[in-house]
Amino acid sequence: MATKRKAAKSTSPFGRGDAAFLRQDLRGIAPEIAYAGATSFLRRRYSRDLSEADLAVVGVPYDLATTNRSGARLGPRAIRAASAMIACWTRIYPWDFDPMLRIAVADWGDVAFDHGLPDKIPDTITQTFREILASDTATLALGGDHFMTYPILRAYAEKYGALSLIHFDAHSDTWRDSHNRIDHGTMFFHAARAGLVVPERSAQIGLRTYNPESHGFNIFDARTVKQRGAKVVAREVRKLVGQNKCYLTFDIDCLDPAYAPGTGTPEMGGLTSYEAQELLYGLRGINLVGADVVEVAPPFDQAEITALAAATIGFMQISLFAENFPMHEREKSRARHLARASAKASRGKKSATKRSIKTKRKTRVQSGVQSKPKPKTKPKTKTKPKAKTKAKAKTKSKAKAKAKTKAKAKAKSKTRKS
Ligand SMILES: [Mn+2]
């Protein structure tokens, strides 16, 4: 029985699967079949017990404040599903450490509210985030229309005071509004007025819509990013926010509709996925206390590219957050494990080559061939494979040629040594 279980374990690179509810530990990566199983964000464990967690992923399936197309209520579910494919990576390119080893991340699930009592929803969102923050856990929220950032910021400002806001968007979301109404295009006007954020120490990136008022926010519009470059803009934003406590909100419509069609209010002339990645990576070192990625509307998505963009951005936001944590013991032990494995592999390779060289010599001696390597001959000119030859034959001959050159090089180094 025991041997049977052992054999079954060693034949698959995948574990038991469904880390979303089977995972014991909040840290680490458990390879899982990408297209199957329960889809938590990046295969983190669903948990409401945050005593061990550094960061909680929270879905906010809300889209009642949209000015154009709704559908972002389905965003959290789509982002989680898209994240399954990239959950096998221990780190997200181009980061150089594994954030899921450095910090403990749980998927808290979705905020529960009654769409039949819409007036109560903002307070429910604030209360949820208030409770999570009270357990000293940061949040990455998955949207949901962008209005949701307002009730989240209320909870953050209660804990930290006025924050620096780093805001990726096609829209300023600071359009002047009357005091008794708010939607997903006016919430940062209200946030600035209510003192939840400090506009002068905040940045808006990727804007390409008209608003006669900036309300003090520092704006790096889409043209600025294109003309000055993502790296330069990231450096300036970093300088601006300094070590202020910082909330990063990413409206997916900051990306060009070509890169993120699945959103409610797309605007042409946006950032490429690459520019967004470069900007986020360039922000390393900011004092990030919370983040969100919002406005993914799956009904308008194509081939799930918008959801994948949001999942990748979420992974990068977690990496940005984890930057400020010290290296964890789990990272050190994984590094030791990898070093041991690679040393073992190279030892095995060496002894295998030694064996093969010995056998070759033996055969040569037996067949009366000189064991001395042949003098260098003129390299044969490469003959182009005939059009008729199959691709397989091509790769075979290529592999042969490669092996030959390798063997030659080895023989050369041997002669030099002797
Ligand atoms: Mn927007």
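The text that follows walks through the structure, step by step, so that each part is easy to find. Keep in mind it's a predicted model, so treat the numbers as computed, not measured.

Calculation criteria
Residues numbered from 1 in each chain as written. Predicted model: local features only at pLDDT ≥ 70, side-chain atom pairs only at ≥ 80, totals over all residues. Heavy atoms only, no water. Pairing = 2+ DSSP bridges. Helix = DSSP H or I, 4+ residues; strand = E, 2+ residues; numbered from the N terminus. Contact = heavy atoms within 4.5 Å. Axes fitted to C-alpha atoms, helices over the stretch in contact; angles between N-to-C directions. Phe/Tyr/Trp six-rings, centres within 6.5 Å; stacked < 30°, edge-to-face > 60°. Lys NZ or Arg CZ within 6 Å of the ring centre and 35° of its normal. Left-handed = near helix turned anticlockwise from the far one by under 90°. Nonpolar A, V, L, I, M, F, W, Y, C, P; charged D, E, K, R; others polar. Donors = N, O, S within 2.8 Å, 3.2 Å for Na, K, Ca; no water. Buried < 20%, exposed > 50% of the residue type's maximum accessible area, 1.4 Å probe, protein only.

1. Topic: the sheet that holds strand β4 (residues 138-143)
Then comes step 1: Spatial ordering of the open sheet is given by β1-β3-β2-β4-β9-β8-β5-β6-β7, a layout of 9 strands whose pairing is parallel. Of all the strands in the sheet, just β1 (45-46) and β7 (218-220) have a single pairing partner and so form its edges.
Then comes step 2: In the sheet, strand β5 (residues 164-168) pairs with strand β8 (residues 245-251) via 5 bridges, with the strands oriented parallel. Each residue of the ladder has a partner; that of Phe168, found in β8, is Phe250.
Then comes step 3: Its contacts with the sheet place helix α9 (residues 230-241) against β5, β6 (203-205) and β7, and it is angled at close to 170° to β7.
Then comes step 4: Its contacts with the sheet place helix α11 (residues 305-322) against β2 (55-60), β3 (105-110), β4, β8 and β9 (287-294), and it is angled at close to 175° to β9.

2. Things to note about the packing of aromatic side chains
Then comes step 1: The final tally for this structure, using the stated rule, is 7 aromatic pairs.
Then comes step 2: Here a set of aromatic residues connected by ring pairs shows up, and it is made of Tyr62, Phe113 and Phe147.
Then comes step 3: Over the ring of Phe97 we find Arg102; its NZ or CZ atom is 3.9 Å from the centre of that ring.
Then comes step 4: Over the face of the ring belonging to Tyr281 we find Arg284, whose NZ or CZ atom lies 3.8 Å from the ring centre.

3. Remarks on the packing of α9 against helix α10 (residues 273-282)
Then comes step 1: Across the interface, α9 lies against α10 with an axial gap of 8 Å and an inter-helix angle of 35°. Note on packing geometry: the crossing formed by α9 with α10 is right-handed. Contact with α9, carried on its side by Ala230, Lys231, Val233, Ala234 and Arg238, involves Glu275, Glu278, Leu279 and Gly282 of α10 and no other residues of that element.
Then comes step 2: Here the contact of α9 with α10 is composed, by residue class, of 4 nonpolar, 1 polar and 4 charged.

4. Overview of the coordination of the manganese ion
Then comes step 1: The manganese ion binds to the protein through Asp169 (OD), His171 (ND1), Asp251 (OD), Asp253 (OD) and Asp253 (OD), with metal-donor distances spanning 2.2 to 2.7 Å.
Then comes step 2: Expressed as a motif, the donor residue spacing for the manganese ion is D-x1-H-x79-D-x1-D. With Asp169 in the loop between β5 and α7 (187-193) and Asp253 in the loop between β8 and α10, this pair connects stretches of sequence that are 84 residues apart. Of the two residues, Asp169 and Asp253, neither departs from the other in class, the shared state being buried.

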